[in-house]
Amino acid sequence: MRKSVSIFGSTGSIGCSTVDLIAHNPDLFDVKVLTGGANWSLLADQALALRPKLVVLNDETHAADLTAKLSGSGIELAFGRQAICDAAKIPVDLTVAAIMGFAGLAPLLESVKVSKAVAIANKEPLVAAGDLFTQAAQAAGCQILPTDSEHNAIFQVFEPENRGAIKRLILTASGGPFRTWAKDAILKATPEQAVKHPNWSMGAKISVDSASLMNKALEVIEAHYLFDMPADKIDVLVHPQSIIHSMVEYIDGSVLAQMGAPDMRTPIAYCLSWPERMQTSGESLDVLKLSRLEFEEARHDVFPTLGWAYDALRSGAGACIALNAANEVAVAEFLNKKIDFAGIFTCVEKMLENFAGQTVQGLEDIVYLDDQVRNNAKAFLKACYGLSQ
Ligand code: NAD
Ligand code: MG
C-alpha cells in the first residue's frame, strides 16, 4: 500500500526536497495535494511529475497560467487562501507542512484533524500557537513528526518512556554566516550577505533568521512545544560544522546525538518513511573525513534573539506571538531592502516591549494578536525608516 501524502508549500526549499524524495520513490507514495504560493510554473511541473489529485496556488493572479499549463492533465485546480485550507481537509496518511511563516497555521490546524501524521517543518505556527497545535493533534490522534533538522534529531534519540530522566535537550546551531563577524559589520549586513548560509541551502526568510540567530530562538520555542520541555531544560550550542544536529542528555550521563551531512532530505525522509526508513540519494556522512567537531557558546552580546526566546517562553504565548510576527514583518522589509539588518533587532525588541504581556485564549485571539503586532511593526518601521506603505 502506498502512503498517501499532501505537501503544503511544495515549491519551497523543503517542499522541493520532499518532491525530490517522492519522485525517486514512486512505489512508496501516492500524492493527493500539492500547494504553492506564487511560483505557478514550478508547481505545474511538480504536478505533472507527481500526478496529485489536487493542486492549489495561493496567488490567484496566476490562475489562468496554471490552468493553461495543466489543461488536459485531469488534475483538479483551486486558488487562494481558503482553497489551501479546504485542501487540508482531504484525509491522508501524511501531511508535509512546509509553508513559510504564520500563514501555514490555518491549513495545519485542518490537516491534524484528518491526517494520520503531520511532518512539520513550518515552525512559525508552532511558535505562535504551540499549545493549540499540539492539543489539536493529540485530540485527533495525529502523530507529529518534527522535520526541522534539530527537532528531528531529538525525536530520533528521545526516549518518551524515560522523559523524566532527560536532563536537557541541546540544540545545535551552525552560528550562521555572521558567526565570526564584528557587531558593527553585522548590523550593516546586506540581504545578499545574510542569505549566504555556510552549510545549508534554505528559503530566504529562514536564511535571514539563521543569520540573526532568530532561527535558533524560534527553535527553542519549537522544542518546548514539541517535546513538552521547560525553557531551563533546553540549551543551545553553536556547532559550525552542522554534523551533530542536536542531542539529548540523560541523568545517567549518556548524551545521545543524531549525526548526518547537512542535507534536509535526511530528516524529511525520516518523516516520510516513519516508522520505517527509506533510501535517500543524498550525500552520506564520511566520518573519516571529519577532522574535528567544534562547539562554542552563542554570542549573546551580539545576537539578542536567543535571550528573547527564553524570556518569551517564561512570559507566555503573547510574547511568542509578538516575537514571531515582528520578526516576519522585519525580515520581509529587510529582504526588500527597506530596512537594515539592525532594524530586525530593533523592531522585534520594540514589539516584545509592546505586546509581550498579552494573553491569548484560542485561535481567534492568536490571529488577532498576530495581526495587531504586524500592523504595529509596520507602523514602527515606517516611522523609523520613512517607509511608504
Ligand atoms: P520557502 O520560502 O523556500 O518556501 C515556502 C513555501 O511556502 C513555498 O512553497 C511558498 O510558495 C509557500 N508560501 C509562502 N507564503 C505562503 C502563503 N502566504 N500562503 C501559502 N503558501 C505560501 O521556505 P522553506 O525554506 O522551504 O521553509 C518552509 C518552512 O520550513 C519555514 O517555516 C521554515 O522555517 C521551515 N524550515 C525550513 C528549513 C530549510 O532547510 N529550508 C529547515 C527547517 C525548517
Ligand atoms: Mg533547524
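Residues numbered from 1 in each chain as written. Chains lettered and ligands numbered in written order. Predicted model: local features only at pLDDT ≥ 70, side-chain atom pairs only at ≥ 80, totals over all residues. Heavy atoms only, no water.

## A short note on the layout of surface pockets
For the second largest pocket, the calculated volume is near 540 Å³. Around the second largest pocket, the lining is made up of 18 residues, and of these Thr-134, Ile-144, Tyr-225, Leu-226 and Phe-227 lie nearest the centre. Here the lining of the second largest pocket takes five residues from helix 6 (residues 123-140), the largest share from any one element. Looking at the lining of the second largest pocket residue by residue, the class counts come to ten nonpolar, five polar and three charged. Of the residues that make up the lining of the second largest pocket, three or more belong to each of domain 1 (3-146) and domain 2 (147-264 + 284-307). (1 Å grid on protein atoms, 1.4 Å probe; cavity = no way out; pocket = protein on both sides within 12 Å on 5 of 7 lines; lining within 4 Å. Points joined across faces, edges and corners; volume = space filled by probe spheres on them. Helix = DSSP H or I, 4+ residues; strand = E, 2+ residues; numbered from the N terminus. Nonpolar A, V, L, I, M, F, W, Y, C, P; charged D, E, K, R; others polar. Domains from an automatic or database assignment.)

## Things to note about the environment of Asn-58
Along the chain, Asn-58 falls in the loop between strand 3 (54-57) and helix 3 (63-69). Relative accessible area serves as the criterion here: at 33%, Asn-58 is assigned to the partly exposed category. Each C-alpha atom, one on Asn-58 and one on Asp-340, is 29 Å from the other, the two residues being 282 residues apart in sequence. Every residue in contact with Asn-58, bar those within four places of it in the chain, is listed here: Gly-36, Gly-37, Gly-80, Arg-81 and Ile-84. (Buried < 20%, exposed > 50% of the residue type's maximum accessible area, 1.4 Å probe, protein only. Contact = heavy atoms within 4.5 Å.)

## Considerations on the packing of helix 13 (residues 305-315) against helix 14 (residues 317-335)
Following both chains from N to C, one finds helix 13 and helix 14 inclined at 145°, their axes separated by 6 Å at the closest point. Residues Trp-308, Ala-312, Leu-313 and Ser-315 of helix 13 lie in contact with helix 14, whose contacting residues are Ala-319, Cys-320 and Leu-323. Broken down by class, the residue content of the contact of helix 13 with helix 14 amounts to six nonpolar, one polar and no charged. (Axes fitted to C-alpha atoms, helices over the stretch in contact; angles between N-to-C directions.)

## Here we look at the sheet that holds strand 9 (residues 234-238)
Read across the open sheet, the four strands follow the order 9-8-10-11; overall the sheet is mixed. Taken across any chain shown, the strands that pair with only one partner, and hence form the sheet edges, are strand 9 and strand 11 (255-259). Within this sheet the neighbouring strands show an average axis-to-axis angle of 20°, counted without direction. In this sheet, strand 10 (residues 244-250) lies alongside strand 8 (residues 166-173) in antiparallel orientation, the contact comprising five bridges. Within strand 10, the position partnered with Leu-171 by the bridge is Ser-246. Of the strands in this sheet, strand 8, strand 10 and strand 11 are in contact with helix 7 (residues 149-157), which crosses strand 10 at around 40°. (Pairing = 2+ DSSP bridges.)

## A word on the domain arrangement of the protein chain
Here the domain parsing of the protein chain yields domain 1 (3-146), domain 2 (147-264 + 284-307) and domain 3 (316-389). If you average the C-alpha positions of domain 1 and of domain 3, the two centres end up 27 Å apart. Between domain 1 and domain 3, the residue contacts involve nine residues of the former and nine residues of the latter. Summed over both sides, the interface of domain 1 with domain 3 buries roughly 730 Å², with 74% coming from carbon and sulfur. Interface area lost by domain 1 to domain 3 is led by Phe-102, Val-127 and Ala-128, which between them contribute 61%. Summed over the shared surface of domain 1 and domain 3, the number is zero salt bridges. (Buried area = accessible area lost by both parts, 1.4 Å probe. Salt bridge = Lys/Arg side-chain N within 4 Å of Asp/Glu carboxyl O.)

## A short note on the site of ligand 1
Among the 24 residues in the neighbourhood of ligand 1, the closest are listed as Thr-11, Ser-13, Gly-37, Glu-124 and Gly-203. In the environment of ligand 1, an oxygen atom lies 3.4 Å from a nitrogen or oxygen atom belonging to the backbone of Ala-121. Within the complex, 85% of the 820 Å² of free accessible area of ligand 1 lies under protein. Breaking the shell around ligand 1 down by element, the ones donating at least two residues are helix 1 (13-23) and helix 6. Grouping the amino acids of the shell around ligand 1 by side-chain chemistry returns eleven nonpolar, ten polar and three charged. The residue makeup of the shell around ligand 1 includes at least three contributed by each of domain 1 (3-146) and domain 2 (147-264 + 284-307). (Near = heavy atom within 4 Å. Polar contact = N/O pair within 3.5 Å; in protein donor to acceptor, adjacent residues only side chain to side chain. Areas by Shrake-Rupley, 256 points an atom, 1.4 Å probe, with all protein chains shown as cover.)

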